[in-house]
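Chain by chain, the residues:
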Amino acid sequence: MRRLALAAVLLLGACSAGPAPSEVVPRSAAAPQPANASTVSAAPSSAAGAPSCDATASLRPGPLPQAGQMPAGSTMAKIAQRGRLIAGVDQNSFLMGFRNSFTGEIEGFDVDVARQIAKAVFGDEKKVQFKVVTSAERIPMLQSGAVDVVVRTMTITCDRLEDVDFSQVYYQAGQRVLVRRNSGITGVEGLADRRVCVASGSTSLGNVVNRAKTTVSVPNWTDCLVMLQQGQTDAISTDDTILAGLAAQDPYTEVVGARFTDESYGVGVPKGQEDLVRFVNGVLERMRTDGTWSGIYGRWLTPLGPAPAPPVARYRD
Ligand code: GLU
């Protein structure tokens, strides 16, 4: 009996000491991936058979109506009647469209552009409701009428012009590469034997998928940052605007290499609303000439360098 009790104590002792940590925790516990991460194997088919067009020529604006006096029957009058503009923006791209974690407000360069449109309709830049959209949600949200405009790092392309309309160019960005410091990668050429992360539904995906060994797509650019931090990707490749925001959020990362694409941002508008396209172009024209554009650049984008001249408008009629 005594012997049995001793054995039990020994057994308990062994249990409480437990096996060595290496026996229960696998040495290479895989960190979870962001939701909806998937590996992309080839360029989307649309990239191959893309229609050609003069993508950055938009519709010439007439004189802007006074705020609060939108022409009867116009798309702007409907927005005015509702009492607020509905703008699709990002909440994940620091500097361009992001949620300020102190105030809970969505802020950034794109957000200020959307506010200027609201100000032109209402005389009040606060009369805007922001709907957060991912890269892939931009076109469906415009097509369903869930938003009046999309102001979200959206490149004007001939492909997209099949589905939605665009304002004139309000910002000229270009695609680059973000890596962990000391990665040895110095630009897009260095991705040939590496993994890259992009947002699904972005032009960035099509621009890089055939230049990297492996491409993973995720819903948001911040998902890519998490994957880079966890060592699940070697690089992120997208517009310099978005990468500047990610680099500012993580000092262990750096932007490398030259721009290898032109990304001309336009305000997305549902098809068939010519009056709204012309109105937005009038707002952008005014922002360019009265110094508002440079002021907004100075507020958000100085990490990209001193304010350049705003893009020159091009019109097709
Ligand atoms: N400008 C690119 C695009 O429109 C990338 C930016 C983004 O996905 O937010 O797809």
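Scoring rules and cut-offs
- Residues numbered from 1 in each chain as written.
- Predicted model: local features only at pLDDT ≥ 70, side-chain atom pairs only at ≥ 80, totals over all residues.
- Heavy atoms only, no water.
- Disulfide = S-S within 2.5 Å.
- Helix = DSSP H or I, 4+ residues; strand = E, 2+ residues; numbered from the N terminus.
- Pairing = 2+ DSSP bridges.
- Axes fitted to C-alpha atoms, helices over the stretch in contact; angles between N-to-C directions.
- Near = heavy atom within 4 Å.
- Polar contact = N/O pair within 3.5 Å; in protein donor to acceptor, adjacent residues only side chain to side chain.
- Nonpolar A, V, L, I, M, F, W, Y, C, P; charged D, E, K, R; others polar.
- Buried < 20%, exposed > 50% of the residue type's maximum accessible area, 1.4 Å probe, protein only.
- Contact = heavy atoms within 4.5 Å.
- Parallel < 35°, antiparallel > 145°, perpendicular 65-115°, else oblique.
- Phe/Tyr/Trp six-rings, centres within 6.5 Å; stacked < 30°, edge-to-face > 60°.

Here the focus is the state of the cysteines. Under the definition given, this model contains two disulfides. Two residues, C53 and C158, share a disulfide whose sulfurs are 2.1 Å apart. Here the S-S torsion is close to -100°, and the disulfide linking C53 with C158 is therefore left-handed. Of this pair, C53 sits in the loop between α3 (45-48) and α4 (75-82) while C158 sits in helix α7 (residues 158-161), and the two are 105 residues apart along the sequence. A disulfide bridge connects C197 with C224, and the sulfur atoms are separated by 2.1 Å.

Sheet architecture is open: six strands sit in the order β1-β11-β10-β12-β9-β13, paired in mixed fashion. Two strands bound the open sheet, and with one partner strand each, they are β1 (38-40) and β13 (253-256). Across the sheet, the mean angle separating the axes of adjacent strands is 35° when strand polarity is ignored. Examined bridge by bridge, strand β10 (residues 195-199) and strand β11 (residues 214-218) share five bridges and lie parallel to one another. Across the sheet, residue C197 finds its bridge partner in β11, namely V216.

Attention now goes to the site of the ligand. Taken together, 15 residues sit near the ligand, with S135, R152, T153, T155 and D239 positioned nearest. A distance of 2.8 Å separates an oxygen atom of the ligand from a polar atom in the side chain of R160. In the model, an oxygen atom of the ligand is placed 2.8 Å from a nitrogen or oxygen of the T203 main chain. Those elements that provide at least two residues to the shell around the ligand are α8 (203-208) and β12 (235-239). Grouping the constituent residues of the shell around the ligand by class yields four nonpolar, seven polar and four charged.

Positive phi is not limited to glycine here, since L95 has a value of about 90°. Inspection of the secondary structure puts L95 in the loop between β3 (92-93) and β4 (97-99). In this model, T153 sits at a positive phi of 40°, which is unusual for a non-glycine residue.

Our next topic: the side chain of T153. Along the chain, T153 turns up in the loop between β7 (149-150) and α7. Under the relative-accessibility criterion, T153 is labelled buried at 6%. For T153, the contacting residues outside a window of four places in its chain are M96, D110, R138, Y170, D239, I242 and Y265.

What follows is about the packing of α4 against helix α11 (residues 274-289). Between α4 and α11, the shortest axis-to-axis distance is 7 Å and the interhelical angle comes to 80°. Classed by the angle they form, the pair α4 and α11 counts as roughly perpendicular. In this structure, α4 contributes T75, M76 and I79 to the contact, and α11 contributes D275, L276 and F279. Residue classes in the contact of α4 with α11 are distributed as four nonpolar, one polar and one charged.

A complete count under the given rule lists 10 aromatic pairs for this structure. When the centroid spacing of 5.7 Å and the interplanar angle of 80° are considered together, the rings of F98 and W300 count as edge-to-face. A residue pair is termed long-range when its members are at least 10 positions apart, and F98 in strand β4 and W300 in helix α12 (residues 292-300) qualify at 202 residues. The residues F98 and W300 share a single accessibility class, namely buried. The interplanar angle of 70° and the centroid separation of 5.5 Å between the aromatic rings of F109 and Y171 together place this pair among those described as edge-to-face. Taken together, the residues span a long stretch of sequence, with F109 in helix α5 (residues 109-122) and Y171 in strand β8 (residues 164-173) at a distance of 62 residues. Across this residue pair, the class does not change: F109 and Y171 are buried. An aromatic cluster is built from F109, Y170, Y171, Y265, W293 and Y297, whose rings are joined through pairwise contacts.

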